[in-house]
Amino acid sequence: MARNGVEAASSEGGIPGELGIWVVVFGDLMVFSCFFLVFLDYRSDDLATFRASQGLLQQPHGLLNTLLMLASSAFVAQALRALRDGAGSAALRSLQLAFACGLGFGLVKVVEYAAKFALGVNAYSNDFFMFYFIFTGIHMCHVLVAMGVLWYLMRLARSGRQDSVTLRNFESGAVFWHVVDLLWIVLFALLYLLP
Amino acid sequence: MTYREFHRSPWLIWLLLVAVTGLSYLVGHFTGTVDTRLTGLCVLWFALLKVLCVMSEFMEMRGAAPWLRRLGVAWLGGLGALMSVSYLT
């Protein structure tokens, strides 16, 4: 039980956050599921091009971004637990670290895009890079929106409010951040690692 | 941080996720000597295992309403099956 009496909705067999955020989440997951399947379909039609193009990606960049995403998710989960325990300042610190991980992710992506453009590679080069730029670009938009959400959560944590409405908003924001993380997990496997 | 606090914290799950990521990276990186289809499936399933961890632990679906859990498992199972079939054909 939380010290301040504010418990997780999920601990009572409810849903973490608002119902609306789950509608958005599953809608997003369905759209990305279609992306993944279309990518695999195109890949099987032109395996040689996809493998050669995949060889131009920097796997360490993808790995670094995955580690940043996983760390940010852990920080957000830690922030939520801290808020439930009534430790607003600890929650704020964790959120700031998660935000820094998000910034790091964006920075690595910019470096990666710049390296591709320097090689003369762009979304029109072939099907692989079309998917690469579209998927990672849409994902990056999600990261930016999620960072805006984290900013809002930081304001909530700073305000010191710890009522059930604040907690529910916090849970909704955390769920959205975790979705951004899990989408990247699959993108990393498909674009960078799949042999 | 005590052992109990660590066990309660998200960092245990994070360690597991990092370990699976490392394993997945190694499998994806050194595929020259092993059957490509098998290693490809390993990479996909490792990713889906990580997604399952994120959903159940970080997104707290493990303790959520049964309908939400079932929806999450159905989505992940369906995606895993379709991706595996699509990759192998």
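Above this note sits the structure.
Residues numbered from 1 in each chain as written. Chains lettered and ligands numbered in written order. Predicted model: local features only at pLDDT ≥ 70, side-chain atom pairs only at ≥ 80, totals over all residues. Heavy atoms only, no water.

What follows concerns the overall build of chain A. Regarding its fold elements, chain A presents 6 helices and 0 strands. Overall, chain A shows an N-to-C arrangement of helices and strands of α-α-α-α-α-α. In terms of its C-alpha atoms, chain A occupies a principal-axis envelope of roughly 60 × 30 × 20 Å. Buried positions account for 55% of the 195 residues belonging to chain A. The long-range share in chain A, meaning contacts at least 24 apart out of those at least 6 apart in sequence, stands at 82%. Surface summary for chain A: the accessible area is close to 7800 Å², and the carbon and sulfur share equals 65%. In chain A, which carries 12 positive and 13 negative side-chain charges, the distance between the mean positions of the two groups comes to 10 Å. (Helix = DSSP H or I, 4+ residues; strand = E, 2+ residues; numbered from the N terminus. Buried < 20%, exposed > 50% of the residue type's maximum accessible area, 1.4 Å probe, protein only. Contact = heavy atoms within 4.5 Å. Areas by Shrake-Rupley, 256 points an atom, 1.4 Å probe, with all protein chains shown as cover. Lys, Arg positive; Asp, Glu negative; His and termini not counted. Charge placed at Lys NZ, Arg CZ, Asp CG, Glu CD.)

Once that is clear, we can look at the packing of aromatic side chains. Residues and elements named next belong to chain A. Enumeration according to the criterion identifies 26 aromatic pairs over all chains in this entry. A centroid spacing of 5.2 Å and a plane angle of 65° characterise the contact between Phe32 and Phe35, whose relative ring orientation is edge-to-face. With a gap of 3 residues between them, Phe32 and Phe35 both fall in helix α1 (residues 19–45), about one helical turn apart. (Phe/Tyr/Trp six-rings, centres within 6.5 Å; stacked < 30°, edge-to-face > 60°.)

Looking at the secondary structure, you find Leu70 of chain A in helix α3 (residues 59–84). Distance from Leu70 of chain A to Phe99 of chain A, taken between C-alpha atoms, is 12 Å for residues 29 residues apart in sequence. For Leu70 of chain A, the residues in contact, after removing those within four places along its chain, are Asp181 and Ile185 of chain A together with Trp14, Leu17, Val18, Thr21 and Phe58 of chain B.

Between the first and last C-alpha of α1 of chain A there are 40 Å, a value that for 27 residues agrees with the 39 Å anticipated at 1.5 Å per step. Residues of α1 of chain A that are buried include every one of Ile21, Trp22, Val25, Phe26, Asp28, Leu29, Phe32, Ser33, Phe36, Phe39, Leu40 and Arg43 of chain A, and no others. Close packing links the buried residues of α1 of chain A with α2 (47–54), α5 (127–159) and α6 (164–193) of chain A together with α4 (66–88) of chain B. (Expected span 1.5 Å × (residues − 1).)

This part is about the side chain of Ser94 of chain A. Turning to its location among the elements, Ser94 of chain A is positioned in helix α4 (residues 88–118). Once residues lying within four places of it in the same chain are set aside, the contact partners of Ser94 of chain A are Phe75, Gln78 and Ala79 of chain A.

Among the nonpolar cores identified, the biggest contains 95 residues, and Trp22 of chain A together with Met59 of chain B are the most heavily contacted of them. Put simply, the parts of the chain that give this core at least two residues each are α1, α3, α4, α5 and α6 of chain A together with α2 (11–29), α3 (36–58) and α4 of chain B. The element that contributes the greatest number of residues to this core is α6 of chain A, accounting for 20 residues. The contacts of Met59 of chain B, once residues within four sequence positions are left out, are Pro16, Trp22, Val25, Val175, His178, Val179 and Leu182 of chain A together with Val54 of chain B. (Core = buried A, V, L, I, M, F, W, Y, C linked by side-chain atoms within 4.5 Å.)

Turning our eyes to something else, we now look at unusual backbone geometry. Located in the positive-phi region is Glu60 of chain B, a residue other than glycine, with phi close to 60°. Inspection of the secondary structure puts Glu60 of chain B in the loop between α3 and α4.

Turning to the interface of chain A and chain B, a few remarks are in order. Chain A puts 49 residues into the contact, and the matching count from chain B is 42 residues. Buried surface at the junction of chain A and chain B, summed over both partners, amounts to about 3800 Å²; 74% is from carbon and sulfur atoms. Three residues, Phe26, Arg81 and Pro195 of chain A, lead the burial of chain A against chain B; their summed loss comes to 15% of the area buried on that side. At the junction of chain A with chain B, the criterion picks out 1 salt bridge. Measuring nitrogen to oxygen at the nearest pair gives 2.8 Å for the salt bridge that ties Glu60 of chain B to Arg84 of chain A. Linking chain A with chain B are 6 residue pairs in polar contact (both at pLDDT 80 or more). Elements supplying a minimum of two residues to the side of chain A that touches chain B: α1, α3 and α6 of chain A. Ranked by the residues each element gives to the side of chain A that touches chain B, the list is headed by α3 of chain A, at 15 residues. A class-by-class count of the residues in the side of chain A that touches chain B yields 31 nonpolar, 11 polar and 7 charged. (Buried area = accessible area lost by both parts, 1.4 Å probe. Salt bridge = Lys/Arg side-chain N within 4 Å of Asp/Glu carboxyl O. Polar contact = N/O pair within 3.5 Å; in protein donor to acceptor, adjacent residues only side chain to side chain. Nonpolar A, V, L, I, M, F, W, Y, C, P; charged D, E, K, R; others polar.)

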